[in-house]
Amino acid sequence: MPILPAAKVLGCGTRDNPDVKSASMPRDEPIPDKLVGALTSGLAVLRYLVAAQAPVGVSRIARDLELNPSTCFNLLKTLVHEGLAVFDETNKTYTVGMGLLALAKGTLEQANYIAMVRPYLREVAMNHGVTCTLWHVMKGERVVLVDRADNDAAIRVHMSLGQRLPMYIAALGRCMAAHSGLTRSELRARFAQLRWEDNLSFDDYLSEVEEARRRGYAVDQSHYVKGVTTVSSVVLDALAKPLMAISAVGFDAQMGKGDIKALGEDLRDRAAAISLAMAGLRRSRD
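About the cut-offs
- Residues numbered from 1 in each chain as written.
- Predicted model: local features only at pLDDT ≥ 70, side-chain atom pairs only at ≥ 80, totals over all residues.
- Heavy atoms only, no water.
- Helix = DSSP H or I, 4+ residues; strand = E, 2+ residues; numbered from the N terminus.
- Buried < 20%, exposed > 50% of the residue type's maximum accessible area, 1.4 Å probe, protein only.
- Contact = heavy atoms within 4.5 Å.
- Pairing = 2+ DSSP bridges.
- Axes fitted to C-alpha atoms, helices over the stretch in contact; angles between N-to-C directions.
- Parallel < 35°, antiparallel > 145°, perpendicular 65-115°, else oblique.
- Left-handed = near helix turned anticlockwise from the far one by under 90°.
- Core = buried A, V, L, I, M, F, W, Y, C linked by side-chain atoms within 4.5 Å.
- Expected span 1.5 Å × (residues − 1).
- Arc of directions from axis to C-beta.
- Salt bridge = Lys/Arg side-chain N within 4 Å of Asp/Glu carboxyl O.
- Phe/Tyr/Trp six-rings, centres within 6.5 Å; stacked < 30°, edge-to-face > 60°.
- Nonpolar A, V, L, I, M, F, W, Y, C, P; charged D, E, K, R; others polar.
- 1 Å grid on protein atoms, 1.4 Å probe; cavity = no way out; pocket = protein on both sides within 12 Å on 5 of 7 lines; lining within 4 Å.
- Points joined across faces, edges and corners; volume = space filled by probe spheres on them.

Colleague: I'd like a description of the overall build of the protein, backed by residues and values.
Modeller: Of the regular secondary structure elements, the protein holds 10 helices and 10 strands. Counting over 286 residues, the protein shows a buried share of 41%. Taking the contacts inside the protein whose residues are at least 6 apart along the sequence as the reference set, 59% of them involve residues at least 24 apart.

Colleague: Before we move on, could you go through the pairing of strand E3 (residues 93–96) and cite the residues and values that matter?
Modeller: For strand E2 (residues 85–88) and E3, the ladder comprises 4 bridges, and the chain directions are antiparallel. Across the sheet, the residue bridging to Phe-87 is Tyr-94, located in E3.

Colleague: So what's going on with the pairing of strand E8 (residues 218–221)? Which residues, and what values?
Modeller: Note that E8 and strand E9 (residues 228–236) share 4 bridges and pair antiparallel. Bridged to Gln-221 within E9 is Thr-229. Hairpin remark: E8 followed by E9, antiparallel, with 6 residues in the connecting loop; positive phi at Ser-222, about 65°.

Colleague: Explain the packing of helix H3 (residues 37–51) against helix H4 (residues 58–65) to me, and be specific about the residues and the numbers.
Modeller: The geometry of H3 relative to H4 is characterised by a closest axis approach of 11 Å and an angle of 115° between their N-to-C directions. Here H3 lies roughly perpendicular to H4, going by the angle between them. Crossing of H3 over H4 shows right-handed handedness. Taking contact as the criterion, the partners of Ala-44, Val-45, Tyr-48 and Leu-49 in H3 are, on H4, Arg-60, Ile-61, Asp-64 and Leu-65.

Colleague: Give me the nonpolar core: which residues, what numbers.
Modeller: Ranked by size, the top nonpolar core spans 35 residues in total, and within it Met-176, Trp-196 and Tyr-205 carry the most contacts. Looking at this core, the elements that each hand over two or more residues are strand E5 (142–149), helix H7 (170–178), helix H8 (184–191), helix H9 (202–215), E9 and strand E10 (242–251). At 7 residues, the largest contribution of residues to this core is made by H7. Cys-132, Met-255, Ile-260 and Ile-274 belong to the second largest nonpolar core, which has 27 residues in total.

Colleague: Can you lay out H7 for me, pointing to particular residues and giving the numbers?
Modeller: With 9 of 9 residues buried, H7 is to be regarded as a mostly interior element. Of the positions making up H7, those classed as buried are Ala-170, Ala-171, Leu-172, Gly-173, Arg-174, Cys-175, Met-176, Ala-177 and Ala-178.

Colleague: With reference to specific residues and values, describe H3.
Modeller: A rise of 1.5 Å per residue sets the reference length of H3, with its 15 residues, at 21 Å; its end C-alpha atoms lie 21 Å apart and thus fit the reference within 8%. Those residues of H3 that fall on the buried side of the exposure criterion are Ser-41, Gly-42, Val-45, Leu-46, Tyr-48 and Leu-49. When H3 is viewed along its axis, its buried side chains cluster within an angular range of 155° and face the same direction. When the buried face of H3 is taken as reference, the exposed residues oriented beyond 90 degrees from it are Leu-39, Arg-47 and Ala-51.

Colleague: An account of the pattern of salt bridges is requested, with residue identities and associated values reported.
Modeller: Scanning all chains against the criterion turns up 14 salt bridges. A salt bridge links Arg-190 to Glu-141; the nearest nitrogen and oxygen atoms lie 2.9 Å apart. Linking Arg-190 in helix H8 with Glu-141 in the loop between strand E4 (131–138) and E5, this pair joins segments that are 49 residues apart in sequence. By relative accessible area, Arg-190 is classed as partly exposed at 25%. Its relative accessible area of 31% is what places Glu-141 among the partly exposed residues. Arg-268 is the salt-bridge partner of Asp-269, the closest N and O atoms lying 3.2 Å from each other. Among the charged side chains, a network of salt bridges with common partners joins Glu-123, Asp-266 and Arg-270.

Colleague: Describe the packing of aromatic side chains, with residues and values.
Modeller: Scanning the entire structure with this criterion turns up 6 aromatic pairs. Summarising the aromatic geometry, the rings of Phe-87 and Tyr-94 are spaced 4.8 Å apart at their centres and angled 40° between planes, so their arrangement reads as tilted. The interplanar angle of 85° and the centroid separation of 6.4 Å between the aromatic rings of Trp-196 and Tyr-224 together place this pair among those described as edge-to-face. With Trp-196 in the loop between H8 and H9 and Tyr-224 in the loop between E8 and E9, this pair connects stretches of sequence that are 28 residues apart. Across the pair, Tyr-224 and Trp-196 agree in class, each one buried.

Colleague: An account of the packing of H4 against helix H5 (residues 69–81) is requested, with residue identities and associated values reported.
Modeller: Relative to each other, H4 and H5 sit at 115°, their axes nearing to 9 Å. In the crossing of H4 with H5, the sense of the turn from one axis to the other is right-handed. Counted together, Val-58, Ile-61 and Ala-62 of H4 and Pro-69, Cys-72, Phe-73 and Leu-76 of H5 form the full contact between these two elements. The class makeup of the residues in the contact of H4 with H5 is 7 nonpolar, no polar and no charged.

Colleague: I'd like to hear about the layout of surface pockets, residue by residue, with values.
Modeller: What the second largest pocket holds in volume is close to 240 Å³. Lining the second largest pocket are 14 residues, with Glu-211, Arg-215, Val-219, Gln-221 and Ile-260 sitting closest to its centre. Those elements giving two or more residues to the lining of the second largest pocket turn out to be H9, E8 and helix H10 (257–285). Residues of the lining of the second largest pocket, tallied by class, amount to 5 nonpolar, 2 polar and 7 charged.

What is shown is where atoms sit, not what they do.
In structure tokens:
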């Protein structure tokens, strides 16, 4: 079953370096020249507590991690102070604290959202014969691919989870721009940094951003990647700010005007339903 490589389909690398793996697999990144020893040791102690099957004392932790007992004791005191560990004064042992759950809350919520959205992705992929993807907004005006649903076609677009894109690129970028609150000059500055396989003027891009705002979905036909059409709609948070985008990807030759319109309206309706559901989930947690 032929599957197009992600870099070729959605160009997540640069033109000179289209390698996807290095951008999406942090373990391949070089070790920094200078590591903070105390932080490294503190994280080692925290991981030890997480993995422990029972409360443990400072002597055993220090021995197992090959740490100086005094240093280990001070690290544990700090973790207790920060709520990441709990000290049992009676037995002189430590366990992991609930503060760790607070740190992980954002990640756990995102995982819950992904599970909630996944059935929508599968239905879109199968109903429209496309690859349907879910992108989450990151810091630095970028988005990351957090989930994907493929169709059962013999030839289809394949994309790798974890790959990152500029926030304002392709169809999803037009949707993001439509709800960004950026001024024309600010958006022009972002647009100037984007790279397209087929030339696209800023005026045309801006017109399509306005169209995305009006109809609730955006389309990119062969501008970002030649021969590929993407249709996207944005998931908004309770403040109407972009949180995620659902994007469907297919080949130009397989997607007529009627197909694109039906797909866009489907994505728009599903994104609106997800936005409402997620706003409810957030309110219930607050």
